[in-house]
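Structural overview
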Amino acid sequence: MTTNGGGWTLVASVHENNMNGKCTPGDRWSSQQGNNLNNPIGEGNWANYATFGLPVGATSDDYKNPGYYDITAKDLSLWHVPNDTPLSQWRNSSLLRYRTDNSFFNQEGGNLFQLYKHCIGGGGFIPEGSPRQCGDFAALDWDGYGTHIGWSSTKEITEAAVLLFYR
């Protein structure tokens with residue numbers, strides 16, 4: 001609660017459990033039902049009231065608590081933490097940590113729930129890249145898993161959970 005001005009609250013995490021499984025069970029932010037024309041928005045968890053997971057397991061499974069849609073925030077912080085890292089080691093193990101400091105949520109509805117209701121978010125059908133562009137981190141392996149070439153990220157970043165905090 002003291003990092004970068006304090007008051008940060010973990011509201012969600014996105015954790016890819018299987019990069020080779022495109023929109024398979026565990027891809028709660030995109031679709032657990034596959035890349036499906038009949039389910040174009042997937043689970044819609046970016047803009048719905050579903051909750052799942054536990055905060056202590058946020059690097060081992062997707063997580064979303066009511067604060068995601070209930071808290072009126074000013075800023076957002078994201079931490080990329082290796083999968084399966086215990087909570088006590090998140091800060092020191094994080095690969096990247098970045099945040100806003102311009103109160104941008106004031107212009108975007110107060111949180112990600114409001115923002116994603118009106119613009120972007122995970123989906124369950126992306127015809128341009130079917131079937132490889134489906135899953136919680138689909139774009140991170142576009143040009144190969146962990147290759148860090150073209151549109152692919154490093155294996156280290158691909159295999160990290162993204163923790164979302166509000167302040």
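The name an unreviewed UniProt entry assigns to the chain is Fibrinogen C-terminal domain-containing protein, from the organism Aquarana catesbeiana.

The secondary structure content of the chain amounts to 4 helices and 5 strands. Ordered by position from N to C terminus, the α and β elements of the chain give β-β-α-β-α-β-α-α-β. Counting only contacts in the chain whose residues sit at least 6 apart along the sequence, the fraction spanning at least 24 positions is 66%. Carbon together with sulfur atoms contributes 52% to the accessible area of the chain, which is approximately 8,500 Å² in total.

Take the environment of Glu 16 next. Position of Glu 16 relative to the elements: it lies in the loop between β1 (9-14) and β2 (63-64). Relative accessible area serves as the criterion here: at 6%, Glu 16 is assigned to the buried category. Taking the C-alpha atoms as reference points, Glu 16 and Arg 28, separated by 12 residues in sequence, lie 9.4 Å from one another.

A word on the pairing of strand β5 (residues 160-166). Burial of β5 is extensive: 7 of the 7 residues sit out of reach of the surface. What you see with β5 is no split at all: Ala 160, Val 162, Leu 164 and Tyr 166 on one side and Ala 161, Leu 163 and Phe 165 on the other are buried throughout. Taken together, the 7 bridges between strand β3 (residues 76-82) and β5 define a ladder with antiparallel strand orientation. Considered in β5, the bridge of Leu 76 is made with Tyr 166.

Here we come to the sheet that holds β3. In spatial order, the strands read β2-β1-β5-β3-β4; together these 5 strands make up an open sheet with antiparallel pairing. Both outer strands of the open sheet, β2 and β4 (96-99), are each paired with one neighbouring strand and no more.

Residue placement: Ser 77 occurs in strand β3. Of note is the side chain of Ser 77, whose polar atom sits 3.4 Å from the side chain of Trp 79. Side-chain polar atoms of Ser 77 contact the backbone oxygen of Tyr 98, separated by 3.3 Å. Residues contacting Ser 77, with those up to four places away along its chain left out, are Trp 8, Tyr 98, Arg 99, Leu 163, Leu 164 and Phe 165.

A contiguous nonpolar patch, built from Leu 54, Val 56 and Leu 87 and spanning about 300 Å² of accessible area, is present on the exposed surface. Accessibility expressed as a relative area gives 55% for Val 56, which makes it exposed.

Counting 21 residues, the largest nonpolar core has Trp 29, Tyr 68, Leu 76, Leu 112, Leu 164 and Tyr 166 as its most contacted members. For this core, the elements supplying multiple residues, two or more each, are β1, α1 (67-70), β3, α3 (112-118) and β5. Examining the composition of this core, we find that 4 residues originate from one element, α3, more than from any other. Beyond its immediate stretch of four places on either side in the chain, Tyr 68 contacts Val 11, Ala 12, Trp 29, Asn 45, Trp 46, Asn 111, Leu 112, Phe 113, Tyr 116 and Tyr 166. Core analysis: the second largest hydrophobic core is formed by 9 residues, Trp 8, Ala 58, Trp 79 and Trp 90 among them.

Now for the pattern of salt bridges. Pairs may arise between side chains of opposite charge once their charged atoms sit close together. A complete count under the given rule lists 3 salt bridges for this structure. Of the charged contacts in the structure, one is a salt bridge between Asp 75 and Arg 167, with a shortest N-O distance of 3.6 Å. With Asp 75 in the loop between α1 and β3 and Arg 167 in the segment after β5, this residue pair connects regions lying 92 residues apart in the sequence. By relative accessible area, which is 4% here, Asp 75 ends up buried. Given the relative accessible area of 25%, Arg 167 is considered partly exposed. Residues Lys 155 and Glu 159 are paired through a salt bridge, measuring 3.7 Å at the closest nitrogen-oxygen approach. On the accessibility criterion, Glu 159 (30% relative accessible area) is partly exposed.

About the criteria used
- Residues numbered from 1 in each chain as written.
- Predicted model: local features only at pLDDT ≥ 70, side-chain atom pairs only at ≥ 80, totals over all residues.
- Heavy atoms only, no water.
- Helix = DSSP H or I, 4+ residues; strand = E, 2+ residues; numbered from the N terminus.
- Contact = heavy atoms within 4.5 Å.
- Areas by Shrake-Rupley, 256 points an atom, 1.4 Å probe, with all protein chains shown as cover.
- Buried < 20%, exposed > 50% of the residue type's maximum accessible area, 1.4 Å probe, protein only.
- Pairing = 2+ DSSP bridges.
- Polar contact = N/O pair within 3.5 Å; in protein donor to acceptor, adjacent residues only side chain to side chain.
- Patch = residues over 30% accessible without salt bridge, like charges linked within 9 Å, V, L, I, M, F, W, Y side chains within 5 Å.
- Salt bridge = Lys/Arg side-chain N within 4 Å of Asp/Glu carboxyl O.
- Core = buried A, V, L, I, M, F, W, Y, C linked by side-chain atoms within 4.5 Å.

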